[in-house]
Amino acid sequence: MWFGWIEFDLLLGEVHSLKEKRAVVRPILAELRRRFEVSAAETSNQDLHRRAGLAAGLVATDAAQLVKVLDAVERLIAQRPEVELLSARRRMHSSEDQ
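Residues numbered from 1 in each chain as written. Predicted model: local features only at pLDDT ≥ 70, side-chain atom pairs only at ≥ 80, totals over all residues. Heavy atoms only, no water.

Visitor: What is the right way to read the pattern of salt bridges from this model?
Guide: Two side chains of opposite charge can pair, provided their charged atoms sit close to one another. A full pass over the atoms with the stated rule returns eight salt bridges. A salt bridge links R80 to E31, with the shortest nitrogen-to-oxygen separation between them at 2.4 Å. Remark: E31 occurs in helix α1 (residues 18-36) and R80 occurs in the loop between α2 (63-79) and β4 (83-94); sequence separation between them is 49 residues. A salt bridge links R80 to E82; its shortest N-O distance comes to 2.7 Å. By relative accessible area, which is 16% here, R80 ends up buried. Through salt bridges with shared partners, one network takes in E31, R35, R80 and E82. (Salt bridge = Lys/Arg side-chain N within 4 Å of Asp/Glu carboxyl O. Helix = DSSP H or I, 4+ residues; strand = E, 2+ residues; numbered from the N terminus. Buried < 20%, exposed > 50% of the residue type's maximum accessible area, 1.4 Å probe, protein only.)

Without other data, these values stay purely geometric and don't point to any function.
Right, dumping it as structure tokens:
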């Protein structure tokens, strides 16, 4: 069994309030959950209106499947016109890891 997650640091476009930020972030998280069946959440920068830290995580039977999904999640985030992807960090672990 493999488990992994990916974290994103995003710069939001024309967002001037936390309410506008939620209007951008919520649909992204919902799309990640729906399309890739991952757990997804805003994990940092909740009090900043132009920055967002998002993360997605999943469990897979093998490393190849995990990499495939994490790559697709990263592509989706990078292609969103309303956000600029500043960085992406990922971690993967096997149940066999010590």
